[in-house]
Each structure stands twice: as structure tokens, then as C-alpha cells.
Amino acid sequence: MSTTTLVNTSSPVQTDFLPLQGTDYVEFYVGNAKQAAHFYKTAFGFQSLAYAGPETGMKDKVSYVIRQNKLTFVLTTPLRINNPIADHIYKHGDGVKVLALKVDDARSAFEETTKRGGEAYLEPIVLSDDNGEVVLSGIHTYGDTVHVFVERKNYNGVFMPGFREWKSNYNPTETGLLYVDHCVGNVGWNQMNPRVKFYEEVMGFRNILSFDDKDISTEYSALMSKVMSNGNGYVKFPINEPAEGKKKSQVEEYLDFYNGEGCQHVAIATNDIVATVSELQKRGVEFLSIPPSYYETVLDRVGKIDEDLAPLQQLGVLIDRDDQGYLLQIFSKPLEDRPTLFFEIIQRKGAQSFGKGNFKALFEALEREQDARGNL
Ligand code: FE2
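Residues numbered from 1 in each chain as written. Predicted model: local features only at pLDDT ≥ 70, side-chain atom pairs only at ≥ 80, totals over all residues. Heavy atoms only, no water.

Quick look at the environment of Phe39 now. Among the secondary structure elements, Phe39 is positioned in helix 1 (residues 33-44). Take Phe39: its relative accessible area is 37%, and that puts it in the partly exposed class. The sequence separation of Phe39 and Arg283 amounts to 244 residues, and the corresponding C-alpha distance is 10.0 Å. (Helix = DSSP H or I, 4+ residues; strand = E, 2+ residues; numbered from the N terminus. Buried < 20%, exposed > 50% of the residue type's maximum accessible area, 1.4 Å probe, protein only.)

A few words now on unusual backbone geometry. With phi around 65 degrees, Asn190 is a residue other than glycine that occupies positive phi space. Positionally, Asn190 belongs in the loop between strand 11 (180-186) and helix 4 (192-201).

According to the domain assignment, the protein contains domain 1 (23-165) and domain 2 (175-373). For domain 1 versus domain 2, the separation of C-alpha centres amounts to 25 Å. At the interface, 41 residues of domain 1 touch 35 residues of domain 2. Surface buried jointly by domain 1 and domain 2 totals about 2,900 Å² across both partners, of which 65% is contributed by carbon and sulfur atoms. (Domains from an automatic or database assignment. Contact = heavy atoms within 4.5 Å. Buried area = accessible area lost by both parts, 1.4 Å probe.)

Now for the side chain of Glu27. Here Glu27 lies in strand 2 (residues 23-29). For the buried Glu27, which has no salt bridge, the nearest side chain bearing the opposite charge is Lys61, at an N-O separation of 5.0 Å. Within polar-contact distance, the side chain of Glu27 engages the side chain of Thr76 at 2.5 Å. Look past the residues within four positions of Glu27 in its chain and what remains in contact with it is Ser63, Val74, Thr76, Gly95, Val96, Lys97 and Val98. (Lys, Arg positive; Asp, Glu negative; His and termini not counted. Salt bridge = Lys/Arg side-chain N within 4 Å of Asp/Glu carboxyl O. Polar contact = N/O pair within 3.5 Å; in protein donor to acceptor, adjacent residues only side chain to side chain.)

A complete count under the given rule lists 17 salt bridges for this structure. Here Lys102 ties to Asp24 by a salt bridge, and the two come within 3.9 Å at their closest N and O atoms. Of the two residues, Lys102 sits in strand 6 (residues 95-102) while Asp24 sits in strand 2, which places them 78 residues apart along the sequence. Its relative accessible area of 28% is what places Lys102 among the partly exposed residues. Classification of Asp24 by relative accessible area gives buried; the value is 5%. In this structure, Lys167 and Glu165 form a salt bridge, with 3.5 Å as the shortest nitrogen-oxygen distance. On the basis of relative accessible area, Lys167 is assigned to the exposed category, the value being 68%. Under the relative-accessibility criterion, Glu165 is labelled partly exposed at 48%.

Those protein atoms acting as donors to the iron ion are His182 (NE2), His265 (NE2) and Glu344 (OE), and they sit at 2.0 to 2.2 Å. Linear spacing of the donor residues for the iron ion on their chain is H-x82-H-x78-E. Of this pair, His182 sits in strand 11 while Glu344 sits in strand 18 (residues 342-349), placing them 162 residues apart in sequence. Judged by its relative accessible area of 3%, His182 falls in the buried class. We classify Glu344 as buried; its relative accessible area is 2%. (Donors = N, O, S within 2.8 Å, 3.2 Å for Na, K, Ca; no water.)

All right, on to the state of the cysteines then. A full pass over the atoms with the stated rule returns 0 disulfides. Cys183 takes part in no disulfide bond, and the closest cysteine sulfur, belonging to Cys263, lies 5.1 Å away. Residue Cys263 is classed as buried on the basis of its relative accessible area, which comes to 2%. (Disulfide = S-S within 2.5 Å.)

Structurally, Gly185 is set in strand 11. Residue class for Gly185 comes out buried when judged on its relative accessible area of 0%. Note: C-alpha distance between Gly185 and Gly143 (42 residues apart in sequence) is 9.3 Å. Excluding residues that lie within four positions of it along the chain, Gly185 makes contacts with Tyr142, Pro238, Ile239, Asn240, Gly262, Cys263 and Gln264.

Now for empty space enclosed by the protein. To find leftover empty space, one rolls a probe the size of a water molecule over the atoms. Applying the stated criterion to the full structure yields 4 cavities of 30 Å³ or more. The computed volume of the largest cavity comes to approximately 220 Å³. Lining of the largest cavity is provided by 20 residues; of these, Val184, Asn240, His265, Phe359 and Phe363 occupy positions nearest its centre. Among the elements of the structure, strand 11, strand 13 (222-229), strand 14 (236-243), strand 15 (262-269), strand 18 and helix 9 (359-372) are those that each provide at least two residues to the lining of the largest cavity. At 4 residues, helix 9 tops the list of elements feeding residues into the lining of the largest cavity. (1 Å grid on protein atoms, 1.4 Å probe; cavity = no way out; pocket = protein on both sides within 12 Å on 5 of 7 lines; lining within 4 Å. Points joined across faces, edges and corners; volume = space filled by probe spheres on them.)

Counting 92 residues, the largest nonpolar core has Phe28, Tyr40, Phe44, Phe73 and Met203 as its most contacted members. Counting the residues that make up this core, at least three belong to each of domain 1 (23-165) and domain 2 (175-373). With sequence-adjacent residues up to four places away left out, Tyr40 is seen in contact with Phe28, Gly45, Phe46, Ile66, Phe73, Leu75, Leu335 and Phe343. (Core = buried A, V, L, I, M, F, W, Y, C linked by side-chain atoms within 4.5 Å.)

Take the sheet that holds strand 5 (residues 71-78) next. Taken together, 9 strands build an open sheet; the order of strands is 7-8-9-6-2-5-4-3-10 and the sheet is mixed. Of all the strands in the sheet, just strand 7 (120-129) and strand 10 (164-165) have a single pairing partner and so form its edges. Note that strand 8 (residues 132-140) and strand 9 (residues 146-151) share 6 bridges and pair antiparallel. By the bridge assignment, Val135 is partnered in strand 9 with Glu151. (Pairing = 2+ DSSP bridges.)

Quick look at the structure:
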């Protein structure tokens, strides 16, 4: 019997004390930002946007900002040892440090969340240059990951003060990536519910979907997940926790190699998953492979879809349906050598859920990779 619960999202919401306009940027701490920027431009079609480093007055680190439509990544590397960025990379490898959220008022965002128990990461700070000002503040979430609130309504510059425009003569074409659909966090044993409570109480989010270990299990391993959403639904953070199984779950493998809790995957929206994923594969992005048997029965489960099945099968795109429509999704292999962060590419055709019908096929694919690494 299915134990998934869908919470009624049409119930009246109290005044949102933390109104969010969406994801502002995702910042990665990486060992070599110059090479990472080249990889994300080449493989994913990001465009050069901005740069900060010693030449712009930033003495101890370098950041490259790259963008594709509404998707902005900041790739940051330290120039020396013995600082929080270097320590983060030593402990976690390359990974997501900041899930930055766009707000109208960063001071209020800080005040409202910290007074509800949020742990301060960045007291409100005003950065200004000739193009105006940006106000930033931030709080901690799972592991060493943080949320930075970005208020940029009085700023007209390319990214934010401290950065200059990055003009490059190497500009690979875009691949149709649009914006962050959701970002998933992996947390430790018994830590999902405390983190859910944090998003509810400190940030005013609601738990819109829950999956227990019966929903998300294979012969060998299991996990539990709860999806947290802000009031307007622009920001969604599913939280995963490992569950007992015969063997080690993918969440445990992540926690081992990341040395703690962190961002497991960033899901990126596209309007044409076949075109986007064909291009990404051409450029060398590797995805989990799905057995042909999946495609023999998938249409019996999801019904009629607009797309031809053959290209979806060829690419390894998964299909699922809920009562609002269907979705197409695919998962990359890890983006670094550690089996930690990966991307999901998702095209929603009405569906607002997360592909529950694909969990089994997906996790079996993940386990084949995990087994090949000797970590199952
Ligand atoms: Fe996802």
C-alpha cells in the first residue's frame, strides 16, 4: 500500500514572513574555479557573466559567475590555505555552499528567521558601487550549507558589487537550461524531521509531500524524503534521510564521501528535455542508464504522452504522472569524482510532483553505480 501523503496545498496561508522570489544563485566551493567554469560552460552551455578576484579587490578568493536563462552559478575557489573555503573543500570536496534566495528585504529576512531560531551565518551587509547596492544576509541550514538572502532591487550592475563583467571570447551555445526547479538535501539518521521543522518554523515552509522507506526502496536499500515548499511554491527543498536496508543506501554513501550533510542534487528545468539532454550527452555529460525493460511498461503506467518514446528511451529519460499532468526527468552521474553532487534535468508537463513512479528504476540504476564503486 502506498504511504505517500499529499498535503492539501490550497489551504489558506498565513502572511508569509519570508516572501521569496525564487533562487537567486547557487554557489559552489570548488578546488579550481577557472577549470570548473570552463566545464560548466562547455558541457552545460552556461554563459560568462561576472568575475571577482585579486584584480577586483578580492584578495583571498576568486569567483566566476556563469548564467543560463534564470540559472546562475557562482564558482568560488580559495587562493590560500587556512580559511573557511579551503577547509570546506578539504572536508567535502567540490560542493554546494550557498543556496541563495531572492528577497525584497534581506534585513527583514534575517530578522524574521533568526528570531524563530535560525542560526546566523551573515549579519545584514550592504555592498555598494556605482550601480547601486545589494543587501545580503544569511542563515545556516543542513551541514555546512547556508541560505543567503539577496536583495538586489536597488542594483543595476552585472551581478553584485565586488564583481566586474566577465567577457570571454569562448561562448558555447546554451543547452536550454532554464531555472532551478528544486534542490535536494541529504541529512543524517533521524535528522529529516528536525530539518523539516527548521524549514517550517524558521522559514515558514510547508511539507507538501512525504515518502517513506516503503515508497523509496529497492531490494537492497531505502531512504525517506519530505518535500518542503515556500508559500508561493517558487522554492522547493526535498530532504532525504537514509533508511535501514540490507545494504548501504545511496544517502549513506553520499554522507560518507561528503563527510556530512549537504546538497545531493540540483534539479534544473527545461522546456525540451530531448533537445537539452541530446546536447548535454553530445558534450560529454554522463547520465544514469535505464534498462530497456523500463520502457516496455512505462506507458501502461503513465498513459499517453506528447513525445515519441524512442528518443526518450535512447537518452534514458524517465516519465511519471500525477493528477495534474506528467513529467520527464533524467539524472546525471556525479559531477565530481566523489559520489556526491549530481544534477537532475526535468521537464514538467503539468505534474507538480517529483517522479515517485521512477524511484525504483532510478535507485536501482544508482545502486549499479554504487556497486561498481564498491560502496553498496
Ligand atoms: Fe529531484
